[in-house]
Amino acid sequence: MTELTIIAAISIFTAGFTIAIGSIGPALGEGRAAAAAIAAMAQQPDAAPTLSRTLFVSMAMIESTAIYCFVVAMILIFANPFWDALQTASVVGG
Amino acid sequence: MQLTPDDIIVLRLWGLELNATIVNTWIVMALLVGISMIITRNLRPDVPPNRWRTALEVIVSAIQTQIEEISRNSARHVMYFAGTLFLFIALSNLLLVIPGFSPPTASLSTTAALAISVLVAVPLFGIASGGVGRYLKGYIEPSVVMLPFNIISEISRGISLAIRLYGNVMSGAVIAAILLSIAPFFFPVVMNILGLLTGMIQAYIFAILATVYISSATAESEPSALSKEPSVSQKEPSASQQKPSEFSQNTSSNKERKS
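Every value quoted in this text rests on a predicted model; they were computed, and no experiment measured them.

What counts and how
- Residues numbered from 1 in each chain as written.
- Chains lettered and ligands numbered in written order.
- Predicted model: local features only at pLDDT ≥ 70, side-chain atom pairs only at ≥ 80, totals over all residues.
- Helix = DSSP H or I, 4+ residues; strand = E, 2+ residues; numbered from the N terminus.
- Buried ≥ 20, exposed ≤ 12 C-beta atoms within 10 Å, placed from the backbone.
- Contact = placed C-beta atoms within 7 Å.
- Core = buried A, V, L, I, M, F, W, Y, C linked by C-beta atoms within 7 Å.
- Pairing = 2+ DSSP bridges.

## A short note on the environment of Leu94(B)
Residues and elements named next belong to chain B.
- Tracing the chain through its elements places Leu94 in helix α3 (residues 75-94).
- Overall, Leu94 belongs to the partly exposed group, with 16 C-beta atoms counted inside 10 Å.
- Once the C-alpha coordinates of Leu94 and Gly199 are considered, the two residues, 105 residues apart in sequence, prove to be 7.0 Å apart.
- Ignoring any residue separated from it by four or fewer positions in sequence, one finds Leu94 in contact with Leu196 and Gly199.

## Remarks on the nonpolar core
- With 51 residues, the main nonpolar core has Leu85(B), Phe206(B), Leu209(B) and Ala210(B) as its most contacted residues.
- Secondary structure elements with two or more residues in this core: α3 (48-78) of chain A together with α2 (51-70), α3, α4 (108-137), α5 (147-182) and α6 (187-219) of chain B.
- The contacts of Phe206(B), once residues within four sequence positions are left out, are Leu85(B), Ile89(B), Leu161(B) and Leu165(B).

## Let's talk about the environment of Ala8(A)
- Relative to the elements of secondary structure, Ala8(A) occurs in helix α1 (residues 3-22).
- Between the C-alpha atom of Ala8(A) and that of Ala47(A), which follows or precedes it by 39 residues, the distance is 52 Å.

## Considerations on the pairing of strand β2 (residues 16-19) of chain B
Residue and element names in this part refer to chain B.
- One ladder, built from four bridges, connects strand β1 (residues 9-13) with β2; its direction is antiparallel. The residue of β2 that forms the bridge with Ile9 is Asn19.
- Between β1 and β2, which pair antiparallel and follow one another directly, the connecting turn spans two residues, one of which, Trp14, has a positive phi of 50°.

Any functional reading would require information beyond the geometric quantities listed.
Okay, structure coming up:
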């Protein structure tokens, strides 16, 4: 295996793990938040607009960690800095 | 595959590169300004409102009611700022259905610029409502020990605003592009519809978060305006101004109650 192959394999593997592990927590958290908000809305239908707005904002907060993981995975696959550095080095060197 | 429209060079003039992000931002700005100028051209009391003007009024009054529910004081100036943010992000996210148009919010440069403008606007609104001393006192609010943490939370707030919007819009574009190579015709259309929904929600969230940040900087400095309100409506702004730390506290206290 050349260095490029090792980097590609590890990057793809890590990208899969990043998005897989990184989406577990936010998914559980969003489920809990939605369940709590729906229970609150069922108890107090008058407060539904306030609750849904707060739910949206908190969902965005919770979801942002999953989005960070997604961005990291995308960088690993499509814009890997180590891959680019090694490719330019091999072009310059060889 | 393009991760960002920054890489697409539209025009090259005298060594200066004009990328698709700037051009698409100009297109969105021209659409916003042009449409609203054409609609409000005959804005006189004797001219009866036509359907376009009514549509514009519906949009503006919807934004106004949403913002007035969150921030009670100086809602008008906050509305100019957050409403503009909402309209810009919403229009650029809506235009992703046009083939060949990559929304400018899919570039980290645009979202970082928007987040920086929010970061600059928060102290400006805070100082304008309560003065420099009162705003700076907010940084050492519980005690002086909290000063670095307050500064860090201010910075991380801006970073999370930028990355959240960028990640959401970019993920929609990337997933559509990947599906286009696997299963063309049907699934990319479904994902684009989902992208429209996500784009509108993200525009809403960006504007709401900007309003919440601004009103949390201004509301502390004007306790008299809040104390004038009846006690029932006092609960509403405090409930909507909850910060993420308070959310986690609430959920943890819920857990304790359940167990």
